[in-house]
Amino acid sequence: MSLRPRNSVFIGIAGLQLLALASCKRSQPEPPSAPVLAESGVAAEPDQTAPKVGVPIPQPRSTTPPPTEIWKEFSGDNAFDEVRKQVGVGPRPSGSAELESARKLITTALAAHGWDVELQPFTDETPRGPVKFVNVIARFSATTARPAPTNTQRTIVCSHYDTKRFSTIQFVGASDGASSTGALLELARVLALDPALAAKVELVFFDGEEAFVQFDEKDGLYGSRFYARALHESHRAGQFKFGILWDMIGDKDLTITLSPDSPQPLTKQLLATADALGLRSYFGYHSLPIYDDHIPLIQAKIPTVDIIDFDYLPWHSADDKLDKLSPESLQKIGAVTLRFLYDTLGK
């Protein structure tokens, strides 16, 4: 993810073009404006030759009645365990064997909680040449139908699971990549306790969020751009009411920095949920708009909020390790998100 300067144009729900972006570390030349989704710069096509193997069979779901306060079921400790597994793989840049190992951890956990997994492979051009990427999509069936139908989902909750490639440091991305991935797997476990609610949620783990050189309309956000384009082309985008992106949510000193150009009705509801749980003090706004995986979804006319802690000093450094994170931070974000989903979709 990166930041856009103050004079950048807000990408509204109508899918206006994205204009400029800049690194939060230093000023960058202004790139060309990004095309709207219908004219997406994503030149990739589905990799039809990629084998669709290794996707575990979902396990039978529990027949226990759903909990009445499902947000209280989210375990920060469970989420942290999943984060630890991701970090244990080591650096996980796109196209690497390590990212494939991380992906197997994700698909195995999802299937264990009863989710049907779809791998979405594609190849895209990067500043380092063509790279194969794989998004992981999970859906839940409220009935015995298998695979889960693709028309019951009303919201997208997503994260990226890759880490930025560095040649000079050992970057394991504890917060930037692993924290949101681990928490999303715990969210999958808890949602499975309420099949009717779970069936309304599409979970997505994006590959290729990180830029190979510098974020612009062609470098970075590879997975979310491809996924959003696929939604547009399959005419599924219209079934989603909203999206929630998690990124860098594990910092011990949790300070959520929402992008100031976040979709206002959605953000207002989310902050009201945080207030109801006594967690509003952990949510604020960043001074600059943030360029992250929510942007392609907004371009696809799905209002999406990026729940991100960009006030994180170890960002893109060798110090982004597990000791900077806490289960309590993951717990807070999981509870707010689950309560919001329940209030919005579950009643």
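These figures come from a predicted structure and were not determined experimentally.

## Topic: the pattern of salt bridges
(1) Moving on: Inspection of every chain in the model, using the stated rule, returns eleven salt bridges.
(2) Moving on: Across the salt bridge formed by D81 and R84, the nearest N and O atoms sit 2.8 Å from each other. Separated by three residues within a single helix, D81 and R84 lie in helix α1 (residues 76-88), roughly one turn from each other.
(3) Moving on: Taking the relative accessible area as the measure of exposure, D81 reaches 37% and is therefore partly exposed.
(4) Moving on: Judged by relative accessible area, R84 falls into the partly exposed class, the value being 39%.
(5) Moving on: The residue K85 makes a salt bridge to E82 at a minimum N-O spacing of 3.8 Å. Residue K85 and its partner E82 are both found in helix α1; the two are separated by three residues, about one turn of the helix.
(6) Moving on: Given the relative accessible area of 14%, E82 is considered buried.

## As for the nonpolar core
(1) Moving on: Counting 68 residues, the largest nonpolar core has L110, W115, L191 and L203 as the members making the most contacts within it.
(2) Moving on: Sort the elements by how many residues they give to this core and helix α3 (residues 174-191) lands first, with nine residues.
(3) Moving on: With sequence-adjacent residues up to four places away left out, W115 is seen in contact with P58, L110, A138, R139, F140, A188, L191, A192, A198, V201 and L203.
(4) Moving on: If you look at the next biggest cluster of nonpolar residues, it comprises 14 residues, including C158, Y227, F240 and I302.

## Structural notes on the environment of V172
(1) Moving on: Looking at the secondary structure, you find V172 in the loop between β5 (155-160) and α3.
(2) Moving on: Judged by its relative accessible area of 12%, V172 is buried.
(3) Moving on: Beyond its immediate stretch of four places on either side in the chain, V172 contacts V87, G90, P91, R92, T163, D320 and K321.

## Thoughts on helix α5 (residues 222-233)
(1) Moving on: Counted at 1.5 Å a residue, the expected span for α5 with its twelve residues is 16 Å, and the 17 Å between its end C-alpha atoms agrees.
(2) Moving on: With nine of twelve residues buried, α5 lies mostly within the body of the structure.
(3) Moving on: Buried within α5 are the following residues: Y222, G223, S224, R225, F226, Y227, A228, R229 and L231.
(4) Moving on: Directly beyond the C-terminal end of α5, a positive phi value near 65° is found at H235.

## Let's talk about the packing of α1 against helix α2 (residues 97-112)
(1) Moving on: Following both chains from N to C, one finds α1 and α2 inclined at 150°, their axes separated by 9 Å at the closest point. With respect to α2, the element α1 is oriented roughly antiparallel. Remark: the crossing between α1 and α2 carries right-handed chirality. Across the interface between the two elements, E82, K85 and Q86 of α1 pack against A102, L105, I106 and A109 of α2.
(2) Moving on: Partitioning the contact of α1 with α2 into residue classes produces four nonpolar, one polar and two charged.

## What to know about the packing of aromatic side chains
(1) Moving on: For the structure shown, the criterion picks out twelve aromatic pairs.
(2) Moving on: Aromatic pair F133 and Y222: ring centres 4.9 Å apart, planes at 15°, arrangement stacked. Taken together, the residues span a long stretch of sequence, with F133 in strand β4 (residues 129-139) and Y222 in helix α5 at a distance of 89 residues. Note on accessibility: F133 and Y222 belong to one class, buried.
(3) Moving on: Ring centres 5.3 Å apart and planes at 70° place the aromatic pair F166 and F171 in the edge-to-face group.
(4) Moving on: A network of ring pairs unites the aromatic residues F122, F133, F212, Y222 and F226 as a single cluster.

## Comments concerning helix α6 (residues 264-276)
The α-helix winds at 3.6 residues per turn, so residues separated by three or four positions along the chain end up facing the same way.
(1) Moving on: The terminal C-alpha atoms of α6, which comprises 13 residues, lie 18 Å apart, in line with the 18 Å expected from a rise of 1.5 Å per residue.
(2) Moving on: If you check which residues of α6 are buried, you get L266, T267, L270, L271, T273 and A274. Taken down its axis, α6 places every buried residue within 155° of arc, on the same side. Projecting away from the buried face of α6 at angles above 90 degrees are the exposed residues P265, K268, D275 and A276.
(3) Moving on: The inward-facing, buried residues of α6 contact β7 (242-247), β8 (256-258), β9 (283-285), β11 (304-308) and α8 (327-346).

## Thoughts on unusual backbone geometry
(1) Moving on: Cis rather than trans, the peptide bond between R146 and P147 has omega equal to -5°.
(2) Moving on: With respect to the helices and strands, P147 occurs in the loop between β4 and β5.
(3) Moving on: Even without being glycine, K301 reaches a positive phi, approximately 70°.
(4) Moving on: Non-glycine residue H316 carries a positive phi angle of around 55°.
(5) Moving on: Examined against the element boundaries, H316 turns out to sit in the loop between β11 and α8.

## Re the environment of L277
(1) Moving on: Checked against the element boundaries, L277 lands in the loop between α6 and β9.
(2) Moving on: The exposure class of L277 is partly exposed, given its relative accessible area of 25%.
(3) Moving on: Separated by 206 residues in the primary sequence, L277 and W71 place their C-alpha atoms 9.9 Å from one another.

## Thoughts on the side chain of S259
(1) Moving on: Looking at where S259 falls in the secondary structure, it is placed in the loop between β8 and α6.
(2) Moving on: Taking the relative accessible area as the measure of exposure, S259 reaches 1% and is therefore buried.
(3) Moving on: A polar contact is formed between the side chain of S259 and the backbone nitrogen of I290, at a distance of 3.1 Å.

Definitions and limits used
- Residues numbered from 1 in each chain as written.
- Predicted model: local features only at pLDDT ≥ 70, side-chain atom pairs only at ≥ 80, totals over all residues.
- Heavy atoms only, no water.
- Salt bridge = Lys/Arg side-chain N within 4 Å of Asp/Glu carboxyl O.
- Helix = DSSP H or I, 4+ residues; strand = E, 2+ residues; numbered from the N terminus.
- Buried < 20%, exposed > 50% of the residue type's maximum accessible area, 1.4 Å probe, protein only.
- Core = buried A, V, L, I, M, F, W, Y, C linked by side-chain atoms within 4.5 Å.
- Contact = heavy atoms within 4.5 Å.
- Expected span 1.5 Å × (residues − 1).
- Axes fitted to C-alpha atoms, helices over the stretch in contact; angles between N-to-C directions.
- Parallel < 35°, antiparallel > 145°, perpendicular 65-115°, else oblique.
- Left-handed = near helix turned anticlockwise from the far one by under 90°.
- Nonpolar A, V, L, I, M, F, W, Y, C, P; charged D, E, K, R; others polar.
- Phe/Tyr/Trp six-rings, centres within 6.5 Å; stacked < 30°, edge-to-face > 60°.
- Arc of directions from axis to C-beta.
- Polar contact = N/O pair within 3.5 Å; in protein donor to acceptor, adjacent residues only side chain to side chain.

Geometric values such as these leave the question of function open.
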